[in-house]
Each structure stands twice: as structure tokens, then as C-alpha cells.
Amino acid sequence: MRFSDQRLTVPEGSEHDPFVKACFGVTIKQKYVNMADIIFSRDNGTASPAGTDERPAGAEPAWDVIELLFFAYRDFVSDPDHVLEKFGFGRAHHRVLHFVNRNPGMKVADLLETLRITKQSLGRVLKQLVDEGYVLQKEGPDDRRHRLLFVTPKGEQLAMKLAGLQTERITRALAGLGPNAHEAARAFLAAMVDDESREGVLRFIARADRARRPR
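Rules used throughout
- Residues numbered from 1 in each chain as written.
- Predicted model: local features only at pLDDT ≥ 70, side-chain atom pairs only at ≥ 80, totals over all residues.
- Heavy atoms only, no water.
- Helix = DSSP H or I, 4+ residues; strand = E, 2+ residues; numbered from the N terminus.
- Contact = heavy atoms within 4.5 Å.
- Areas by Shrake-Rupley, 256 points an atom, 1.4 Å probe, with all protein chains shown as cover.
- Expected span 1.5 Å × (residues − 1).
- Buried < 20%, exposed > 50% of the residue type's maximum accessible area, 1.4 Å probe, protein only.
- Pairing = 2+ DSSP bridges.
- Phe/Tyr/Trp six-rings, centres within 6.5 Å; stacked < 30°, edge-to-face > 60°.
- Lys NZ or Arg CZ within 6 Å of the ring centre and 35° of its normal.
- Axes fitted to C-alpha atoms, helices over the stretch in contact; angles between N-to-C directions.
- Salt bridge = Lys/Arg side-chain N within 4 Å of Asp/Glu carboxyl O.
- Core = buried A, V, L, I, M, F, W, Y, C linked by side-chain atoms within 4.5 Å.

**Q** Any chance you could explain the overall build of the protein here in plain terms?
**A** Within the protein, the secondary structure is distributed over seven helices and five strands. N-terminal to C-terminal, the α/β element order of the protein is β-β-α-α-β-α-α-β-β-α-α-α. Contacts spanning at least 24 positions in sequence make up 57% of the contacts within the protein whose residues lie at least 6 apart. For the protein, the computed accessible surface area is about 14,500 Å², with 54% contributed by carbon and sulfur atoms.

**Q** Sorry if this is basic, but what is going on with helix H6 (residues 181-192) here?
**A** Spacing of three or four residues puts side chains on the same side of an α-helix, whose turn is 3.6 residues. Here H6 is 12 residues long and its end C-alpha atoms lie 17 Å apart, about the 16 Å a rise of 1.5 Å per residue gives. Of all the positions in H6, only Ala181, Ala184, Ala185, Phe188, Leu189 and Ala190 are classed as buried. On its buried face, H6 sits against helix H5 (153-175) and helix H7 (195-212).

**Q** Would you take a moment to explain the pairing of strand S5 (residues 147-151) for this structure?
**A** It is a general feature of regular strands that their side chains alternate between the two faces of the sheet. Alignment of strand S3 (residues 106-107) against S5, held across two bridges, turns out to be antiparallel. By the bridge assignment, Lys107 is partnered in S5 with Leu148. Sheet analysis places strand S4 (residues 135-139) next to S5, joined by five bridges and oriented antiparallel. When the sheet's bridge partners are listed, Glu139 is paired in S5 with Arg147.

**Q** Is there a simple way to think about the packing of aromatic side chains in this case?
**A** Centre distance and the angle of the planes are the two values used to describe a pair of aromatic rings. One pass over the full model with this rule turns up four aromatic pairs. Geometrically, the ring pair formed by Phe87 and Tyr134 is edge-to-face, given 6.1 Å between the ring centres and 90° between the ring planes. Taken as a pair, Phe87 in helix H1 (residues 63-87) and Tyr134 in the loop between helix H4 (119-131) and S4 lie far apart in primary sequence, 47 residues in all. Ring pairing ties together the aromatic residues Phe87, Phe89 and Tyr134, which thus form one cluster. Lying across the ring of Phe150, Lys138 places its NZ or CZ 4.8 Å from the centre. The cationic tip of Lys154 hangs over the ring face of Tyr134; the distance from NZ or CZ to the ring centre is 4.4 Å.

**Q** Can you walk me through the sheet that holds S5 in this structure?
**A** Across a sheet, paired strands are connected by hydrogen bonds in the backbone, their directions being either parallel or antiparallel. Across the sheet, which stays open at both edges, the three strands sit in the order S3-S5-S4 with antiparallel pairing between neighbours. In this open sheet, the two edge strands, each paired with only one partner strand, are S3 and S4. Each of S3, S4 and S5 touches helix H2 (residues 91-102); the most contacted strand, S5, lies at about 95° to it.

**Q** Would you mind showing me how to read the pattern of salt bridges here?
**A** For side chains of opposite charge, pairing can occur when their charged atoms come near one another. Under the criterion given, the structure shown has seven salt bridges. With its nearest N and O atoms 2.9 Å apart, the salt bridge here joins Arg74 to Asp75. Overall, the relative accessible area of 46% leaves Arg74 in the partly exposed class. With a relative accessible area of 27%, Asp75 lands in the partly exposed category. Here Arg203 ties to Glu199 by a salt bridge, and the two come within 3.0 Å at their closest N and O atoms. Taken together, the residues span about one helical turn, with Arg203 and Glu199 both in helix H7 at a distance of four residues. With a relative accessible area of 47%, Arg203 lands in the partly exposed category. For Glu199, a relative accessible area of 57% gives the class exposed.

**Q** What exactly am I supposed to notice about the nonpolar core here?
**A** One broad rule of soluble globular proteins: the nonpolar side chains tend to lie buried together. Among the nonpolar cores identified, the biggest contains 24 residues, and Val96, Leu97, Leu111 and Leu129 are the most heavily contacted of them. Look past the residues within four positions of Val96 in its chain and what remains in contact with it is Leu111, Leu115, Leu122, Val125, Leu126 and Leu129.

So, in C-alpha cells, the structure goes:
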């Protein structure tokens, strides 16, 4: 991969990929620290006491954290990629399956907003998932113009298999980081979300969690 002063060329929709923030790099040493009490110094990426000033002007970027995020994401999505290849699907199909499975009855318009991709891009992926029996589209009960999305039983089975693979990787990563690692990782990832979007993202996750709990 070659870096330049120009914007990187990335696959369509991946610049707003909801999964791109679902991986993290805190430390590569097997030493537990209280994550709530540290921040990352941006001059060399090492941990510094909370409350210290921002990195000085002209200091080096936090290369280690930046690159760990790149590599963590690469491997985080590789587990589902191998499964998806067998079905002729890619990461765009994975994203649609994931969010429709988590939010039964989701509107197409809401899915577009979540993924931040074009209607044309979503249309191609969604058509394939519908044609092959992984997703259902229904008219809205109050407005027939609304298209509501649901996974079929085999769509749910595939979505859960992919989520299970990614959960296994997350569990392995957190296991060596000591108590409260899950909460620290969640706080870090939430802080990576744009300020204006963070509250809505957290509500979105909480709503999906409530919907899956047994009644």
C-alpha cells in the first residue's frame, strides 16, 4: 500500500464502514494497566498520564495505534471473509446481514444512513440477498412506500455464524488485558466515533440489544 498526500482510494462505502471501528490496539505487552487512567501520547503512541497536554506541534503521528487499527481490522474481517467466499458474498453483504439481523424491520432508508453508502450500491447487494433467500422485504404497515427488512432463518443463521467468529477473536484479545477490558475497549471505540454521531450510535446499539433479550 502506498501513502501520499492525496486521499487514499478505498472500496465504495468502506470509508464509513461500521466495522472499521470494531477493532482496537491498546498494548502489545502482557502487562495490565488501568485503561481509564491513561491516554495515548500522540508523539510516539505510548501511554501517558491522564490530563497531560495534547501532542506538541510537529510531533510524529501515533503510527503504532494507526497501524494496529489497520492490521486489527484486516484480521477482524478475515474470519467472516473466508465463510462469505463460499456463498459468493463479500463484506457489503456481511454489513447488510449484520444490521438487518440486529434490527428486524429496519427501513431501507435507515440502513442507507447507517452504512453511509449510495442507494445504487445497497441495491445491488440487497437484491442478491433477497434473491437468494437471506433477506425479506415487506411493505410498511402504515406507509406502503416504506420497505422493511428482515432476515430469513438461513439469513439469521449466517449472520450469527459470522458474528460468532468475530466474537471469538474479540474474546481472545480481551482475555489477556485484565479486569474491565471489555468496558475499556467499548469506551475507546465509542470515543473514536464522531462527536455528533456518538450518542445516536450508542442508542442504536442499546436498542438492538434490548430487542434480542428474551421477554
